[in-house]
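# Coordinate analysis (summary)
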Amino acid sequence: MKKLLFFFSVLLVFFSFTGAKHPYHVGSVEINYNQKSKTFEVTGRFFLDDLENGLNTKYGKSLHFNDPKFKAQLNESLKNYAAEYFKLKANNKFLNVNYVGYEEDHESVNIYLESEKIEAPKKVEAAVSFLYNLFDDQINIVHIIVNGERKSEKLTYPNRYLFQQF
């Protein structure tokens, strides 16, 4: 399983730097518990064209990354999109997750989220369905890290739920 997750991570990085259309619809989501702030810091990484198409399809707009005039609209759309397609629960309590912002490069986009505070998570549950509104072959590789312990899982459409014990 770890070899498979590593393979998909390598594919994501490899195709991030090519100009060709990528043959896989894959993204990654890292859910990292920060002991100092007692929050989960979440980073989602997706192909720029996939996320752009997902937002435009969902909201019926024509938004474009790498164009500063769309920044405010992209922030609003990503905030709403993340709220709908990402849910987090720890110790049997749903957590409020706030949109922090995004960064883009030529081929990919990182979305940043942060949860409300939670003490010592033992069980972490997530619902991750980014880009399921666009692709029926979407794969989201999810990494959950608590106290330095990393657990990873591959979610393939339509599967969106996972949980890990720490």
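On a predicted model such as this, the values are computed, not experimentally measured, just so you know.

### What to know about the nonpolar core
Grouped burial of nonpolar side chains is what soluble globular proteins tend to show. By size, the foremost hydrophobic cluster in this structure holds 39 residues, and its most contacted members are Val29, Ile31, Phe40, Leu51, Phe65, Phe86 and Phe130. The residues contacting Phe65, other than those within four sequence positions of it, are Leu48, Leu51, Glu52, Leu55, Leu74, Leu78, Tyr102, Glu104 and Val109.

### Considerations on the pairing of strand β10 (residues 161-165)
Alternating residues of β10 divide into Leu162 and Gln164, all buried, and Tyr161, Phe163 and Gln165, none buried. Alignment of strand β7 (residues 123-128) against β10, held across five bridges, turns out to be antiparallel. Its bridge partner lying in β10, Glu125 is registered against Phe163.

### Focus: the sheet that holds strand β6 (residues 108-115)
An order of β5-β6-β2-β1-β8-β9 is seen for the six strands of this open sheet, with the pairing classed as mixed. Each having just a single partner strand, β5 (97-104) and β9 (149-156) make up the two edges of the open sheet. Each neighbouring strand pair of the sheet contributes to a mean axis angle of 15°, computed without reference to strand direction. Of the strands in this sheet, β5 and β6 are in contact with helix α3 (residues 71-85), which crosses β5 at around 135°.

### Observations regarding α3
Over its 15 residues, α3 extends 20 Å from the first C-alpha to the last, a length consistent with the 21 Å expected when each residue adds 1.5 Å. Within α3, the full set of buried residues consists of Leu74, Ser77, Leu78, Tyr81, Ala82 and Tyr85. Take α3 and look down its axis: the buried residues cluster within an arc of 130°, on one side only. Contacts from the buried residues of α3 go to α2 (48-59), β3 (86-90), β5, β6 and β7.

### Details of the sheet that holds β7
Across the sheet, which stays open at both edges, the four strands sit in the order β4-β3-β7-β10 with antiparallel pairing between neighbours. The open sheet terminates on both sides in strands that have one partner only, identified here as β4 (93-94) and β10. Alignment of β3 against β7, held across five bridges, turns out to be antiparallel. Among the inter-strand pairings, Leu88 is bridged to a residue of β7, identified as Ala126. α3 rests against β3 and β7 of the sheet, and its axis sits at about 50° to β3.

### Re unusual backbone geometry
Leave glycine aside and you will find that most residues have negative phi; peptide bonds, for their part, are mostly trans. Across the junction of Tyr157 and Pro158, the peptide omega takes the value 5°, indicating a cis bond. Residue position: Pro158 is located in the loop between β9 and β10.

### Describing the packing of aromatic side chains
Applying the stated rule across the entire model yields seven aromatic pairs. Ring geometry for Phe46 against Phe130: centres 5.0 Å apart, planes inclined by 50°, an arrangement best described as tilted. Placement of the pair is Phe46 in strand β2 (residues 39-47) and Phe130 in the loop between β7 and β8 (139-146), with a sequence separation of 84 residues. Phe130 carries the same exposure label as Phe46, and that label is buried. For the ring pair Phe86 and Phe130, a centre distance of 6.3 Å and an interplane angle of 15° mean the geometry is stacked. Taken together, the residues span a long stretch of sequence, with Phe86 in strand β3 and Phe130 in the loop between β7 and β8 at a distance of 44 residues. The same class applies to Phe86 and to Phe130, which are both buried. Through successive ring pairs, a cluster of aromatic residues spans Phe46, Tyr81, Tyr85, Phe86 and Phe130. Directly above the aromatic system of Tyr102 lies the positively charged group of Lys71, at a separation of 4.2 Å from the ring centroid. Taking the ring centre of Phe166 as reference, the NZ or CZ of Lys151 above it sits at 4.9 Å.

Cut-offs and rules
Residues numbered from 1 in each chain as written. Predicted model: local features only at pLDDT ≥ 70, side-chain atom pairs only at ≥ 80, totals over all residues. Heavy atoms only, no water. Core = buried A, V, L, I, M, F, W, Y, C linked by side-chain atoms within 4.5 Å. Buried < 20%, exposed > 50% of the residue type's maximum accessible area, 1.4 Å probe, protein only. Contact = heavy atoms within 4.5 Å. Helix = DSSP H or I, 4+ residues; strand = E, 2+ residues; numbered from the N terminus. Pairing = 2+ DSSP bridges. Axes fitted to C-alpha atoms, helices over the stretch in contact; angles between N-to-C directions. Expected span 1.5 Å × (residues − 1). Arc of directions from axis to C-beta. Phe/Tyr/Trp six-rings, centres within 6.5 Å; stacked < 30°, edge-to-face > 60°. Lys NZ or Arg CZ within 6 Å of the ring centre and 35° of its normal.

Such coordinate-based values are descriptive only and should not be taken to indicate function.
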